[in-house]
Structure formats: C-alpha cells, structure tokens
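Coordinate inspection notes
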Amino acid sequence: MSQQILITHNLARLSAILRPMWVAGAALLLSLMLSSGAYANDKTAMPTLSVSVLQFGTAHWELDHILHRGLDWKNGYRLDLTLVANLPASRLAVTSGSVNGAVADLLWAQARFEDGMPYLYVPFSSQIGDIVVADDSDIGSVADLAGKRIGVAGGPDSKGWILLQKVAEQQGIDLADSAEVQFAAPPLLSQALRRGQVDVIITYWHFAARLKGEGGWRSAFRMSDLLAAIKLDRNLPVLGYVFPADWAKDHRALIDRFATSLQRAKSELSDSDMFWQRLRPLMGSPDDGVFQELRKGFVAGIPLPLTDQRIADLHWLLTHTGADSDKLMPAALFYRSQP
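Residues numbered from 1 in each chain as written. Predicted model: local features only at pLDDT ≥ 70, side-chain atom pairs only at ≥ 80, totals over all residues. Heavy atoms only, no water.

In the nomenclature of an unreviewed UniProt entry, the protein chain corresponds to Putative sulfonate ABC transporter, periplasmic sulfonate-binding protein from the organism Marinobacter algicola DG893.

Right, dumping it as structure tokens:
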C-alpha cells in the first residue's frame, strides 16, 4: 500500500515538473501555427499577376524559375500562369481579358496599337533568329547567299528575312531575284535542310539550337551582325510580355515587381547550370548537345535595358517591317527598368 502511495506521489511530482514544459510547448506550437497562417494570408493578399504562356515555349522557362524560386512573392506579388498549346490561344487569353499579360513579338504589339488597342511592352528576348547551314557549307556571308536555295520561317514578313534583304541590298544583291526562296513552318524547314532540299534556312533561334545541338550544322553568321551592318543596336528586344496599356497604367507597381523578378530570374539562369537542370523537362528533355545550345541561345537573348536609342532602333525595325510610320508605338509603351 505504501508503495502505491509512493508511486502516486512521484507521478504527481513528475506531472508538476512537466506541466510547464507542456504548456510552453503548446504555446510555441500555437504561435507557429498562427504565424504560419498569417504568412499564408499575407501571400494570399498579395496582388496577382496572371500571364498566358506556351507550355513548351522559351518564356515558360524563366516564368517557371520565378515560381520555383519564389521570386514573385519575394517581390510582393503572386504570379499565376495559364499554360496554352499555341500562340493564338495565348494572344486570345490576353485580348479577351482572361489573363493580364502574354508573350508576343514586337510586330503584334505594333499591330494592336494601330488598331487602337495599345499594350505595354516589357522586353523578354532579343533573339531574332538564326541562319543555319551544314558544317561543310561554303556559305559564310550574305554575299554567299546569291544563287542558293533559302528556306525562311515565318513568311515574307519575317524580321530575319527582311533584315537579311536590307543588308544584301547594301551590297547590291537582290536576294528575292537571285536566290530560290521558299517559306515554310520551322519544323518543315529543319527537315528540308536535313534532306538537302535547301542550302540554308532562316529560322527561329530555338529550332536552330536543336539543329546545331544535333551536330553537323552551324550558324552561317549571326543576326546581330545584320543589325550592326545597318547601324542598329545588336541587342533589340523583339519579343516581350504585353499588358493592356490602361490596365498596366493602373497597376504600374505590379508591373515593376514583375520586371524586377524577371531581371533576377534572367540573372540566375545566366549564372547557374543547376537551375537549368531542373528546367530540362520543360525543354523537352533534350540530349546534352541540344540542351547546351538551348541554354546558350536563351542566355544570349537576354535583353539589355531599353534606352532612347534602342527604342529608336525598334521603331526603325517596325517601319521596315510594314508598320505605319505615322502610327508607331510611342516610347511610353516600351517598359524601362526602374532606376
């Protein structure tokens, strides 16, 4: 009997000793739960920026990186991606107002402006395209294209094709007359080049990267050389994120936060192979050669901040690709990074 009393007494003492610890632990747990809830509420309360993007497009790489690294909420907003299968669907999403923004090229933004629907243009990439030939090709300059079979992606209004013709004209060459030109979709042009049905293709940079990554193909010369030849800046953002101008004016702080996270994402993707390995599935899980070319091409296309001169050069491009010179997008519609 006395033993039972002793056990009961000891348990009571132990309970008295542990009770403050249980209370403190419970209080700490409650505090953590409350702070976690408050943090979640803060993130939920952040403004949301919705962007439509091609599921396997190059812009998805940096936008996915922003989400992975939390660069959106670190800059005070929440990025919401709508993945689509093609460009028309992406553009419809932004024109219909179902998302705030999308990726488009400079010509699309200019056409909307001429139609009375202006968009703010936030630079994404300066990759105009590439000019690809076989490794053993004798083509190494614009002059070498005379008399050759040329495949062009994007049709007669392709920026790369127009640039090429402008430079050729300076050298007294009319490529439309002196070369055999055919227009087709990029995948078909890649196949035509492989089969020897064309001598050279002017294609989108990521299709060129996949060809060069396979081995046996190279750039005949760089698009940036064409820009320099006609006295334009080599680094012109011909692709951008577009947002309806009125909406962007009312949400300027949100656009600034998005632009800051973009800048950080581009910087990290420029500096680290580790981040790219995580993105590899979004790139189609390419083999090493193609993977490295895609990464190199993306980084090479990271645009520099816009200046008055770069905007003037973009206006030149627009004028020479069919835009009405009296209705060019004003400088205010080209987003400039905050100082």
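**A closer look at the overall build of the protein chain**
Regarding its fold elements, the protein chain presents 14 helices and ten strands. Within the span of the protein chain, comprising 339 residues, buried residues form 46% of the whole. Intrachain contacts of the protein chain at a sequence separation of at least 6 include 76% that bridge at least 24 residues. (Helix = DSSP H or I, 4+ residues; strand = E, 2+ residues; numbered from the N terminus. Buried < 20%, exposed > 50% of the residue type's maximum accessible area, 1.4 Å probe, protein only. Contact = heavy atoms within 4.5 Å.)

**Quick look at the environment of Ile-128**
Mapped onto the elements, Ile-128 comes out in the loop between strand E4 (119–125) and strand E5 (130–134). When the C-alpha positions of Ile-128 and Gly-160 are compared, they lie 6.3 Å apart, and in sequence the two are 32 residues distant. Apart from the residues within four sequence positions on either side, Ile-128 is in contact with Lys-159, Gly-160, Leu-163, Met-223, Leu-227 and Val-238.

**A word on the pairing of strand E10 (residues 239–244)**
With four bridges connecting them, strand E3 (residues 101–105) and E10 associate as antiparallel partners. When the sheet's bridge partners are listed, Ala-102 is paired in E10 with Val-242. In terms of strand pairing, E4 meets E10 through six bridges, oriented antiparallel. Note on E10: the bridge partner recorded for Ser-125 is Leu-239. (Pairing = 2+ DSSP bridges.)

**Some points on the nonpolar core**
In terms of nonpolar packing, the biggest core is built from 49 residues, with Leu-164 and Leu-226 touching the most fellow members. Broken down by element, the residue count for this core peaks at five residues, all from helix H5 (residues 159–170). Two domains each put at least three residues into this core: domain 1 (48–126 + 236–333) and domain 2 (129–230). Dropping the residues within four chain positions of it, Leu-164 is found in contact with Val-142, Leu-145, Leu-175, Ile-202, Phe-221 and Leu-226. By size, the runner-up hydrophobic cluster in this structure holds 38 residues, among which are Leu-63, Ile-66, Phe-124 and Tyr-335. (Core = buried A, V, L, I, M, F, W, Y, C linked by side-chain atoms within 4.5 Å. Domains from an automatic or database assignment.)

**Here we look at the side chain of Glu-293**
Assignment of secondary structure puts Glu-293 in helix H13 (residues 288–300). Looking at Glu-293, its side chain comes within polar contact range of the side chain of Lys-296, at 3.4 Å. Excluding its chain neighbours within four sequence positions, the residues that come into contact with Glu-293 are Trp-205, Ala-209, Lys-212 and Gly-213. (Polar contact = N/O pair within 3.5 Å; in protein donor to acceptor, adjacent residues only side chain to side chain.)

**Quick notes on the confidence of the model for the protein chain**
Counting all residues, the mean pLDDT for the protein chain is 88, and 86% of those residues have values of 70 or more. Long-range and interchain partners of residues 5–12, a stretch whose pLDDT sits below 50, account for zero contacts in this model, where long-range means more than four residues apart. Contacts for the low-pLDDT stretch residues 20–41, under 50 throughout, to residues beyond four places or in other chains number two contacts. (pLDDT = per-residue confidence, 0-100.)

**As for the pairing of strand E2 (residues 78–84)**
Sheet topology note: the strand E1 (residues 48–54)/E2 ladder contains seven bridges and is parallel. Of the residues in E2, the one forming a bridge with Ser-52 is Thr-82.

**Some thoughts on the packing of helix H2 (residues 58–69) against helix H11 (residues 252–271)**
Two elements in contact, H2 and H11, have axes separated by 9 Å at closest approach and are oriented at 100°. Between H2 and H11, the angle falls in the class roughly perpendicular. For the pair formed by H2 and H11, the contact residues are Glu-62, Leu-63, His-65, Ile-66 and Arg-69 on the first element and Phe-258, Ser-261, Leu-262, Ala-265, Lys-266, Glu-268 and Leu-269 on the second. Among the residues making up the contact of H2 with H11, the classes are represented as six nonpolar, two polar and four charged. (Axes fitted to C-alpha atoms, helices over the stretch in contact; angles between N-to-C directions. Parallel < 35°, antiparallel > 145°, perpendicular 65-115°, else oblique. Nonpolar A, V, L, I, M, F, W, Y, C, P; charged D, E, K, R; others polar.)

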